[in-house]
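# Summary of structural features
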Amino acid sequence: VESRDALAYPGEANRLVLLRRIEAIDCRAQMDVTLQPRPDYDTAGVRRWVCHDGVWTATAGGLRIRWTGAARAEPSGPGTLRLHVDLERGSHHDLVLEISAADLPDHPPAPDLVWDATINAWQHAVPHLDGVRAVRETRQSFAVLRGLTGPGGTVAAATTSLPERAGDDRNYDYRYVWVRDQCFVGQAAAACRASDLLDDSVRVVSELLLEHGENTAPAYTVAGEPVPSQRHLRLPGYPGGHDIVGNHVRNQFQLDAFGETLLLFADAARLECMDARRWEAARAAVRAVERRWQQPDAGIWELEPRPWTHSRLICAAGLRAIAEAAPRECTAAADWVTLADRIVADTARTSIHHTGRWQRAPDDAALDAALLFAGLRKAVPADDPRTVATLDAYLRELTVDGYAYRYRHGDKPLHEAEGSFLLCGFATALALHEQGRAVEAVAWYERTRAACGPPVLFSEEFDAIQHQMRGNLPQAFVHALMIESSATLTEEE
């Protein structure tokens, strides 16, 4: 038996259309289907189901609901419908669920037409990506990012409350638009020259910068509003997890996000996706770096505010990139390079380890996977001794059996503190490629690419001991780095 689900695509702002097609492939099939809407985290019940001409309708929590293809369904408990499906071999049955914040159309959608339209729309939405490694899986990652992206940006993940560690109180709600992650998505799109997804990222980031300037928050809701404060819902959570809505990111300052925006704008300029308004947004990001680069921030891993080395170096990388991509008539480009030099020099004065590599912060001599991006994004050259020393030390101290970790948590073994961080695995592949270590780069790419299930959905972390995905999924920035790696480590190599 095959059960196929799809959201009708292209979608609508106020109406969800969920398609389900059940097909008996090689034998007769009998199945039960239960529909139990639970709006507003199960705080609003369905008032009453009504069946007219074989179509069920109801209202719940201010939403209008319609279920087509279930004429023989029967009420089964409060707000619940149950349908028995009996299929002969080779036949199929279609169900269509509509949920709308406004009045529903007069007539339900025709399943065959909507299925055909959805398949056709996805074929046009995902480019062929010729020449990248693992074309099929890379196109799947692109489809994931496309699906996570709406008019208000790309959400960091589609889920909440999936724990990174059972019982460790490390559960988060990632259903918001992180500026940094949006830039990762845009840079990945630029790497494979996918102009539509790149344009979406540049549009979202530029509008936020033009509205908020140096006070741009690290993340927003898909409607462009502040992320709600974190709270518990008092619902049963995922095993080992909690039920969480909202995120503490609303109270943070993340300096590196401004550097990432400049890297994004530089990519967009090289692909001729910048206009006057977007260049004004780029200048707003430069001003934010000028005014705030010496302030402590939460950094890429959203930790306690400190002068994180990665945050400063990624801003220097962004300044260099946008200066190089600027139009010839831009007289400020030289000043941007000068500021980048100043940031790198000041950071080197305080944050170089005695072994010659970068360290996490002036008062923290430890290693961090984020430091690999200093060379990757050209804050300093690829052949800079600090770049080489950082990569070599990282491979020795923060990787095990081809799995990459962010940083050490005290004296715990790496795998006991947290899972392998897939973003870092792909970053390692890119860093090795940059050093000309092609065989090692491809090995790291393939190891990291395998850390997923059959649907090719990446979570934030992968438990290398238990071979299980950890945290929310699909995680947008992992899919973004997978695409960038696939485009950079080409099949020709």
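Residues numbered from 1 in each chain as written. Predicted model: local features only at pLDDT ≥ 70, side-chain atom pairs only at ≥ 80, totals over all residues. Heavy atoms only, no water.

## Some thoughts on the packing of aromatic side chains
For the structure on display, the rule yields ten aromatic pairs. Look at Tyr-174 and Trp-178: their rings are 5.7 Å apart centre to centre, the planes differ by 80 degrees, and that puts the pair in the edge-to-face class. Comparing Tyr-174 with Trp-178, the two get one shared label, buried. Here Phe-426 and Phe-458 contribute two aromatic rings whose centre-to-centre distance is 5.9 Å and whose plane-to-plane angle is 90 degrees, an arrangement assigned as edge-to-face. Of the two residues, Phe-426 is situated in helix H13 (residues 422–434) and Phe-458 in the loop between helix H14 (438–449) and strand S19 (461–463); the sequence distance between them amounts to 32 residues. Looking at Phe-426, the relative accessible area reads 0%, which means it is buried. One aromatic cluster is present, built from ring pairs that chain together Tyr-172, Tyr-174 and Trp-178. Directly above the aromatic system of Phe-253 lies the positively charged group of Arg-292, at a separation of 3.8 Å from the ring centroid. In this structure, Arg-406 packs its charged tip against the face of Trp-301, placed 5.1 Å from the ring centre. (Phe/Tyr/Trp six-rings, centres within 6.5 Å; stacked < 30°, edge-to-face > 60°. Buried < 20%, exposed > 50% of the residue type's maximum accessible area, 1.4 Å probe, protein only. Helix = DSSP H or I, 4+ residues; strand = E, 2+ residues; numbered from the N terminus. Lys NZ or Arg CZ within 6 Å of the ring centre and 35° of its normal.)

## Observations concerning helix H6 (residues 256–270)
Compared with the 21 Å implied by 1.5 Å per residue over 15 residues, the 22 Å span of H6 between its first and last C-alpha is a close match. Here H6 lies mainly inside the structure; 14 of its 15 residues are buried. Backbone geometry just after H6 places Glu-272 at a positive phi near 60 degrees. (Expected span 1.5 Å × (residues − 1).)

## A word on the nonpolar core
Counting residues in hydrophobic clusters, the biggest one holds 119 residues, and the most contacted among them are Phe-265, Val-289, Leu-319, Ile-322 and Trp-336. For this core, the element with the most residues is helix H8 (residues 309–325), which contributes ten residues. One finds Ile-22, Ile-65, Trp-67 and Ala-70 within the second-largest nonpolar core, a separate group that totals 20 residues. (Core = buried A, V, L, I, M, F, W, Y, C linked by side-chain atoms within 4.5 Å.)

## Remarks on the sheet that holds strand S18 (residues 420–421)
Pairing within the open sheet is antiparallel, and its three strands lie in the order S18-S19-S20. Whereas interior strands pair on both sides, the edge strands pair on one side only; in this sheet they are S18 and strand S20 (468–470). For S18 and S19, the ladder comprises two bridges, and the chain directions are antiparallel. Bridge pairing in S19 links Phe-421 to Glu-461. (Pairing = 2+ DSSP bridges.)

## Observations concerning the pairing of strand S9 (residues 92–100)
As judged from the nine bridges shared by strand S2 (residues 15–23) and S9, these two strands associate in the antiparallel manner. Across the sheet, Glu-23 pairs through a bridge with His-92, a residue of S9. When strand S6 (residues 63–68) meets S9, the two strands line up antiparallel, connected through five bridges. Within S9, the residue paired with Arg-64 across the bridge is Ser-100.

## Focus on the sheet that holds strand S3 (residues 29–35)
Sheet strands pair by backbone hydrogen bonding; their relative direction is either parallel or antiparallel. Sheet architecture is open: three strands sit in the order S3-S8-S7, paired in antiparallel fashion. Of all the strands in the sheet, just S3 and strand S7 (74–75) have a single pairing partner and so form its edges. The pairing of S3 with strand S8 (residues 81–87) spans seven bridges and is classified as antiparallel. The partner of Gln-30 across the bridge, within S8, is Asp-86.

## A closer look at the pattern of salt bridges
Enumeration over the complete set of coordinates arrives at 39 salt bridges. Residues Glu-12 and Arg-15 are paired through a salt bridge, measuring 2.8 Å at the closest nitrogen-oxygen approach. The class of Glu-12 is partly exposed, set by a relative accessible area of 47%. Asp-173 is paired through a salt bridge with Arg-175; the nearest N and O atoms lie 2.8 Å apart. (Salt bridge = Lys/Arg side-chain N within 4 Å of Asp/Glu carboxyl O.)

## Describing the packing of helix H5 (residues 195–212) against H6
Helix-helix packing: each pair is described by the crossing angle between the helix axes and the interaxial distance. Contact pair H5 / H6: the axes reach a minimum separation of 10 Å and the direction vectors enclose 135 degrees. When the axis of H5 is compared with that of H6, the two are oblique. Note on packing geometry: the crossing formed by H5 with H6 is left-handed. Where H5 abuts H6, its residues Leu-198, Ser-201, Val-202, Val-205, Ser-206 and Leu-209 lie against Phe-258, Thr-261, Leu-264, Phe-265 and Ala-268. Of the residues that constitute the contact of H5 with H6, the class distribution is eight nonpolar, three polar and no charged. (Axes fitted to C-alpha atoms, helices over the stretch in contact; angles between N-to-C directions. Parallel < 35°, antiparallel > 145°, perpendicular 65-115°, else oblique. Left-handed = near helix turned anticlockwise from the far one by under 90°. Contact = heavy atoms within 4.5 Å. Nonpolar A, V, L, I, M, F, W, Y, C, P; charged D, E, K, R; others polar.)

## Some details on empty space enclosed by the protein
As enumerated under the stated definition, the model contains three cavities of 30 Å³ or more in all. What the largest cavity holds in volume is close to 90 Å³. Ile-300, Trp-301, Trp-308, His-310 and Asp-368 are, among the 13 residues lining the largest cavity, the residues nearest its centre. Its residues assigned to classes, the lining of the largest cavity comprises seven nonpolar, four polar and two charged. (1 Å grid on protein atoms, 1.4 Å probe; cavity = no way out; pocket = protein on both sides within 12 Å on 5 of 7 lines; lining within 4 Å. Points joined across faces, edges and corners; volume = space filled by probe spheres on them.)

## Notes on the side chain of Arg-146
Here Arg-146 lies in helix H3 (residues 135–148). By relative accessible area, which is 13% here, Arg-146 ends up buried. Beyond its immediate sequence surroundings of up to four residues, Arg-146 is in contact with Tyr-9, Trp-122, Ala-125, Asp-196, Leu-197 and Asp-200.

## Focus on H14
Taking 1.5 Å as the rise per residue, H14 with twelve residues should run 16 Å; its terminal C-alpha atoms sit 16 Å apart, in good agreement. For H14, the secondary structure elements touched by its buried residues are H3, helix H11 (385–397), strand S16 (399–400), strand S17 (403–404), H13 and helix H15 (476–488).

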